[in-house]
Amino acid sequence: MICPNCNNAVILSHVTSTTEIETGETTTHYYYTCLDPRCPSYLKVINGSEEGKEAEIREKKES
């Protein structure tokens, strides 16, 4: 998948699943993030339904 803002490749941030109670059907949602610090989508979820949410991936803190 390509970032819509900077056209770089994105990586998988996290995955969630929901199950419809009535039908028992499970839907899996994949959330991606861009790792380019110059991009407006840097460390934000790239997914139509969750745009603007923070990604699960965090920058490594130096000690």
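Heads up: the structure comes first, above all this text.
Here's what I pulled together on the structure shown here. (Residues numbered from 1 in each chain as written. Predicted model: local features only at pLDDT ≥ 70, side-chain atom pairs only at ≥ 80, totals over all residues. Heavy atoms only, no water.)

### What about the overall build of the protein chain?
Counting secondary structure elements, the protein chain contains zero helices and three strands. Shown N-terminal to C-terminal, the secondary structure of the protein chain runs as helices and strands in the order β-β-β. Within the protein chain, contacts between residues separated by at least 24 positions form 27% of all contacts whose residues are at least 6 apart in sequence. For the protein chain, the computed accessible surface area is about 4900 Å², with 47% contributed by carbon and sulfur atoms. (Helix = DSSP H or I, 4+ residues; strand = E, 2+ residues; numbered from the N terminus. Contact = heavy atoms within 4.5 Å. Areas by Shrake-Rupley, 256 points an atom, 1.4 Å probe, with all protein chains shown as cover.)

### Details of the sheet that holds strand 3 (residues 45-46)
Taken in spatial order, the three strands make up an open sheet running 1-2-3, and their pairing is antiparallel. Every other strand in the sheet has two partners, leaving strand 1 (11-19) and strand 3 as the edge strands with one partner each. Sheet topology note: the strand 2 (residues 26-33)/strand 3 ladder contains two bridges and is antiparallel. Among the inter-strand pairings, Y32 is bridged to a residue of strand 3, identified as I46. (Pairing = 2+ DSSP bridges.)

### Some thoughts on the pairing of strand 2
As paired elements, strand 1 and strand 2 share eight bridges and run antiparallel to each other. When the sheet's bridge partners are listed, T16 is paired in strand 2 with H29.

### Description of the environment of T27
Note that T27 resides in strand 2. The exposure class of T27 is partly exposed, given its relative accessible area of 35%. Spatially, the C-alpha atoms of T27 and T16 are 8.4 Å apart, while their sequence positions differ by eleven residues. Apart from residues no more than four positions distant in its own chain, T27 is found in contact with T16, S17 and T18. (Buried < 20%, exposed > 50% of the residue type's maximum accessible area, 1.4 Å probe, protein only.)

### Re the nonpolar core
Among the nonpolar cores identified, the biggest contains five residues, and these are C3, V10, C34, C39 and I46. Those residues within four positions of C34 in sequence are excluded, and the remaining contacts are C3, C6, V10, C39, S41, Y42, L43, K44 and I46. (Core = buried A, V, L, I, M, F, W, Y, C linked by side-chain atoms within 4.5 Å.)

### Some details on the pattern of salt bridges
Within this structure, the stated rule accounts for one salt bridge. Salt-bridge contacts for D36 lead to R38; the nearest nitrogen and oxygen are separated by 3.2 Å. According to the relative accessible area criterion, R38 is exposed, its value standing at 74%. (Salt bridge = Lys/Arg side-chain N within 4 Å of Asp/Glu carboxyl O.)

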